[in-house]
Amino acid sequence: MEKFIIWLLPLPPLLSFFVILLFTNKRKALSHGIAVGAAGLSWLGSMIIFIRALGVEEFGKHFFGASINWLPTGSTWLKIGVQIDPLSAAVVFFVAWTVLAIFVYSIGYHNFGQPIGDHDVAGLPPHGATLAEHGHKHIVPSIEPMYSRFFAFISLFAFGMYTLVVSDNLLTLFVGWEIMGLCSYLLIGFWFGKPSARNAAVKAFMTTRIGDVFMLLGIAFVYSFTGSLSFSEIFKPEMLQALASTPAFFGLSAAGIIGLLLFIGTVGKSAQWPLHVWLPDAMEGPTPVSAMIHAATMVSAGVYLVIRMFPLISAGWTEGMPLNTTMSLIAFIGAFTALFAATIAVAQNDIKRVLAYSTISQLGFMIAAVGIGAYVAASFHLITHAFFKALLFLGSGSVIHGMEHGILYTGDHTDSQDMFNMGGLRKKMPITFWTFLIGGFALSGFPVLTAGFWSKDEIFAEAFGNGHLTVFVVLAMAAFLTAFYTMRQITLTFFGEPRTKAAEHASETPWTMTVPLIVLAVFAVGYGWVGIPENFPGLGGLIPNWFHEFVGGTLSKLPKAVVFSWVPLVTSLCVALGGLLFGWLVYRKVKSPKQDFLQIPVLKNKWYFDEIYNFIFIKPAFWIAERFTSLYMDQTVIDGILHSVARFSLFLGHAFRNYFDKPVINELLGDGTGNVVKASGSSLRKIQVGRIQYYMVASLAVLVIFALLYYFLLV
Amino acid sequence: MSIPLSWYLILAAALFSIGLFGVLSRKNAIAILLGVELMLNAVNINLVAFWRYLDPAKMAGQVFAIIVFAVAAAEVAVGLALIISVYRRRKTVVADEIDLMKW
Amino acid sequence: MTADQIIFLLCTLLILGSALMVVTTRKLIHAALWLVSALFGVAILYAVLQAGFLAVVQVVVYIGAIAILFIFAVMLTRKEMLDKGAQTRSNWWIPALLGLLILTGLVSLIIGQPAFGRTASEIPSGVDTLRNLGIALVSPDSFVLPFEVASVLLLAALVGAVYIASGNKE
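Residues numbered from 1 in each chain as written. Chains lettered and ligands numbered in written order. Predicted model: local features only at pLDDT ≥ 70, side-chain atom pairs only at ≥ 80, totals over all residues. Heavy atoms only, no water.

In this section: the pattern of salt bridges. All names here are of chain A. If you walk through the whole model with that rule in mind, you get 10 salt bridges over all chains. Here Arg308 and Asp85 are joined by a salt bridge, their closest N and O atoms 2.6 Å apart. Of this pair, Arg308 sits in helix H13 (residues 298-308) while Asp85 sits in the loop between strand S2 (76-84) and helix H4 (86-109), and the two are 223 residues apart along the sequence. Residue Arg308 shares its accessibility class with Asp85, and that shared class is buried. A salt bridge links Lys427 to Glu497, with the shortest nitrogen-to-oxygen separation between them at 4.0 Å. One end of the pair, Lys427, is in helix H18 (residues 425-428); the other, Glu497, is in the loop between helix H21 (469-494) and helix H22 (501-504), and 70 residues separate them in sequence. Exposure remark for Lys427: the relative accessible area of 53% places this residue in the exposed category. Accessibility expressed as a relative area gives 55% for Glu497, which makes it exposed. Three or more residues joined by partner-sharing salt bridges are found here, namely Glu178, Arg209 and Asp212. (Salt bridge = Lys/Arg side-chain N within 4 Å of Asp/Glu carboxyl O. Helix = DSSP H or I, 4+ residues; strand = E, 2+ residues; numbered from the N terminus. Buried < 20%, exposed > 50% of the residue type's maximum accessible area, 1.4 Å probe, protein only.)

This part covers the side chain of A:Arg308. Residues and elements named next belong to chain A. By relative accessible area, Arg308 is classed as buried at 4%. A distance of 2.6 Å separates a polar atom in the side chain of Arg308 from a polar atom in the side chain of Asp85. A polar contact of 3.5 Å, which involves the side chain of Arg308, links it to the side chain of Ser88. Discounting residues that sit within four places of it in the chain, Arg308 has contacts with Gln83, Asp85, Leu87, Ser88, Phe231, Phe235 and Thr554. (Polar contact = N/O pair within 3.5 Å; in protein donor to acceptor, adjacent residues only side chain to side chain. Contact = heavy atoms within 4.5 Å.)

Time to look at the environment of A:Leu558. Residue and element names in this part refer to chain A. Looking at the element boundaries, Leu558 is found in the loop between helix H24 (546-552) and helix H25 (566-589). On the accessibility criterion, Leu558 (40% relative accessible area) is partly exposed. Every residue in contact with Leu558, bar those within four places of it in the chain, is listed here: His548, Glu549, Gly552 and Gly553.

The next thing to look at is the packing of aromatic side chains. Residues and elements named next belong to chain A. In the structure shown here, the tally under the stated rule is 56 aromatic pairs over all chains. For the pair Trp97 and Phe523, a centre-to-centre distance of 4.9 Å together with 55° between the ring planes defines the contact as tilted. Here the residue Trp97 occupies a position in helix H4, and Phe523 occupies one in helix H23 (residues 511-526), the gap between them amounting to 426 residues. Geometry around Trp584 places Arg588 over its ring, the cationic atom sitting 4.6 Å from the centre. Between Arg691 and the ring centre of Tyr694, over which it is positioned, the NZ or CZ distance is 5.9 Å. (Phe/Tyr/Trp six-rings, centres within 6.5 Å; stacked < 30°, edge-to-face > 60°. Lys NZ or Arg CZ within 6 Å of the ring centre and 35° of its normal.)

For a regular strand, side-chain orientation follows a simple rule: the groups alternate between the two sheet faces. Relative to strand S4 (residues 136-140) of chain A, strand S3 (residues 129-133) of chain A runs antiparallel, the two sharing five bridges. Bridging from a neighbouring strand, A:Leu131 pairs with A:His138 of S4(A). (Pairing = 2+ DSSP bridges.)

Moving on: helix H5 (residues 129-138) of chain C. Among all positions in H5(C), only C:Thr129, C:Leu133, C:Ala136 and C:Leu137 are buried. All buried residues of H5(C) project into a common sector of 95° when viewed along the axis, lining one side. H5(C) presents C:Arg131 and C:Val138 as exposed residues on the side facing more than 90 degrees away from its buried surface. Buried positions along H5(C) lie against helix H2 (29-54) and helix H3 (60-90) of chain B together with helix H3 (52-76) and helix H6 (144-166) of chain C. (Arc of directions from axis to C-beta.)

On to the pairing of S2(A), then. Residues and elements named next belong to chain A. As paired elements, strand S1 (residues 64-73) and S2 share nine bridges and run antiparallel to each other. Bridge assignment links Asn69 to a residue of S2, and that residue is Lys79. Where S1 folds back onto S2 in an antiparallel hairpin, the turn is made up of two residues, including Gly74, whose phi is positive at roughly 70°.

Our focus in this paragraph is the confidence of the model for chain B. Per-residue confidence for chain B averages 90 on the pLDDT scale, and 99% of its residues sit at or above 70. On the interface metric, ipTM, the complex scores 0.90, and its pTM is 0.67. (pLDDT = per-residue confidence, 0-100.)

The axes of two packed helices give the description: the angle between them and the distance between them. All names here are of chain A. The N-to-C vectors of helix H2 (residues 11-22) and helix H3 (residues 28-54) enclose an angle of 170°; their axes lie 8 Å apart at closest approach. By the criterion of interaxial angle, the relationship of H2 to H3 is roughly antiparallel. Contacts between H2 and H3 involve Pro12, Pro13, Ser16, Val19 and Ile20 from the first element and Ser31, Ile34, Ala35, Ala38, Leu41 and Ser42 from the second. Looking at the contact of H2 with H3, its residues break down into eight nonpolar, three polar and no charged. (Axes fitted to C-alpha atoms, helices over the stretch in contact; angles between N-to-C directions. Parallel < 35°, antiparallel > 145°, perpendicular 65-115°, else oblique. Nonpolar A, V, L, I, M, F, W, Y, C, P; charged D, E, K, R; others polar.)

Residues and elements named next belong to chain A. Where helix H10 (residues 254-269) contacts helix H15 (residues 325-345), the axes come no closer than 9 Å and their chain directions differ by 20°. Judged on the interaxial angle alone, H15 and H10 are roughly parallel. Residues Gly256, Gly259, Leu260 and Phe263 of H10 pack against Thr326, Leu329, Ile330 and Ile333 of H15. Its residues assigned to classes, the contact of H10 with H15 shows five nonpolar, three polar and no charged.

Residues and elements named next belong to chain A. Tracing the sequence through the fold places Thr297 in the loop between helix H12 (287-296) and H13. According to the relative accessible area criterion, Thr297 is buried, its value standing at 0%. If near-sequence neighbours (up to four positions away) are discounted, Thr297 is found in contact with Val99, Phe157, Met161, Met180 and Met292.

Here we take up a nonpolar patch on the surface. All names here are of chain A. There is a patch of nonpolar side chains on the surface, built from Ile600, Val602, Trp607, Tyr608, Ile612, Phe615, Ile616, Phe617, Ile618 and Phe622 and spanning about 940 Å² of accessible area. Here the element with the most residues in the nonpolar patch is helix H27 (residues 609-684); it accounts for six residues. With respect to the helices and strands, the residue Ile612 is situated in helix H27. We classify Ile612 as partly exposed; its relative accessible area is 36%. (Patch = residues over 30% accessible without salt bridge, like charges linked within 9 Å, V, L, I, M, F, W, Y side chains within 5 Å. Areas by Shrake-Rupley, 256 points an atom, 1.4 Å probe, with all protein chains shown as cover.)

Residue and element names in this part refer to chain A. For helix H16 (residues 351-371), spanning 21 residues, the distance from its first C-alpha to its last is 31 Å, which sits close to the expected 30 Å at 1.5 Å a residue. The element H16 is largely enclosed, with a buried count of 21 among its 21 residues. Capping the start of H16, Asp350 holds a side-chain oxygen 2.8 Å from the backbone nitrogen of Lys352, two or three residues further along. Where H16 terminates, the next one or two residues include Gly373, which has phi positive at roughly 95°. (Expected span 1.5 Å × (residues − 1).)

What follows is the structure in structure tokens.
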């Protein structure tokens, strides 16, 4: 029964995509109804699966799964199928909730129920409609022109994520991965009328593609080594042993190389350094898209992959050993990215950009956790982050919406996303304020009450407890900066007085937007409590550490809980509370960017990485395309060859014409024959003298001659 | 009759040659026709001689000769009419000057 | 030499002499008259050959019509050719040579045939040549068709000559 439902989980969003695209594109209410209904069906299925999974003893060993023989390969079959083991059960739980919340949120975000805009065109964001009621005109937000298309695309996105989560083999995982890549392109470039959106979509696709190429190499390597792509086959102890002990390239074992290649896919998809450049630009898409991509689904998929592949990455490693090369690299990239992105986030003024860099930074945390072998901590942070980051993004979308309302009301053309145009919004948008505050505190790791604290604290504990002190220090610094910029964001947006007229007239958003915020806030608070470590002072042991037992059971050997130490706990409390306090103190007083001492150009310009990549990769690529291939090779060489062939043919044609056709055939044969005939005619015609006696003499002479000949020769 | 046939034939041959010479060498068109008449008479002599010497009972020879008479008469009539007509146009009866059909 | 042969030889002299005069004399009217003489000689020959009808026809048609016609034509075209200058073309020796060659050839052919040396046999009595000629000319299983065609020919010649010689239709 469970197997049946698992197969069906990705299906409703896929059907919703096709139905909306093909049939209900013109009917907005029906489209969102189908989309939300599909998300709801998948949510229902996911809940059923999850609850059933909870009831199974030793779920890690007796997980739900089913597969079919799909591709005949000689004497064996390539199997594909579905599987829900503890890790994917927990992941499918948060995916279902966040997807449903985002779908419902999108109804309100795209202004369902509002009139059609004055000069709205498909491809550009809506600009408001003029309503004339009782005397005076005012402009209200207008409905998105491409409303149904949006729901079709996010349905496809949900399908991709569900496929990825329920798959039991690398092939269908990759299928879901790529579908999400496509949808990120479609959705980031949703407002295709804006050149910035188009460029951002291409950038996102290209950058993740680079990661995908390496991931595909990794998958190919897996298949060629093990002959299968199913997780259950790959993670068999004997297989892992073989993978770990077979040497491959660059001094790594086969497992190491495969892990590295697959990790590069994650670097692309989860926007780690150096492939992080696409994620901030992806803010060009509508906010639900940002929430979907950067919290709930796409970037989580990258981390999910690397967590899923943990047995492979850590093949040959056990707790207490020094990390193998792949794991060290992963930990380095993760930690570096966490700090790097946090430094950029403190200098951003756009409310969504801050969250984008925050996402990159938090993903760095998770990846660093996997790198140091903290399997459970990484999964825990993945799930809590999904909840509070989705909450924060949707909250920022709500803020932007409120600001838009104010802009339309006052007729200003201020940037609705610039935090320095906001201020004092806590009075105008209370629900948004409180939920955003909960999300921000969760992100910062506010102690006990928020989920983020528990998951982040666990990462610190693992890092410190297993002796990875560099990682510990770097992550601590990143956590401090995280708390700092989060509080900066909240202070600038919600506290103080409104800094522009638009902010004065901002208003709360409709229930379709605020209810998902509330739901996600509940999880952002409560989810942390399912993973309280047993040996935590005071609170530990009150609630069993369900998460550790459940998700840890996915591995063949349950990971040991780390030994408690005060150092990571105190550090995490200090950085979180200290960062929050410091941020509030500084930014209470700051009213404009000039007063903000952190507007350092290097940080504001993202450490100039975009410019560096442009110089190293983009410009040469364009040079190769435009000058080398197009101009030198194509136009000069190839066209040159063609032109010289043409010129040669022309030359041959002329030569034939002038040296053979005209003189020989025309003059010699044609005219020559004519001239010969003419000459012979004009000389022979002289015989026709016109005088009869002449003719008679001639004929008689011939007769006589013939007679003589006849007589003398024959007789 | 003691005249051998060959005598008549030789006579006819001589007459024919003389007529031929006249046709080919005289300038005046009418003189040419005179030569033609001599040739026709030579033919007639041949015909009648052969009739008399081979089979006088059959009349084919004489009939042929009569037909030749008729033809000669017709030909002379038309020929002279032509010469007169040409004379009227071109004011000449010299055969060499009637050469419109030359090249 | 029998009487026939003498007559024949005299006739030959007449004919050939007249013919030579026809083709060589300067004055055209003389040529016409010499033609009359030659034709007359031919008539005598016919009579010797016991083709009496043909002799009379020769005189009546040839001399009486054709030769007269020649004389008329000479008269009508007299102004131009005033019988001055040479009457034969300048290269008359070619036709002469040709004529001699043809004569030689014919004579050699005639002499070479022994069958031509025979003399005439008597006409069987009871064969009326004249009567036979008349019947032959009009008898349907004999020569009536050429006879009629010849009369048509004469008609055509008549019409044609009249038409050509009329000339005043401009």
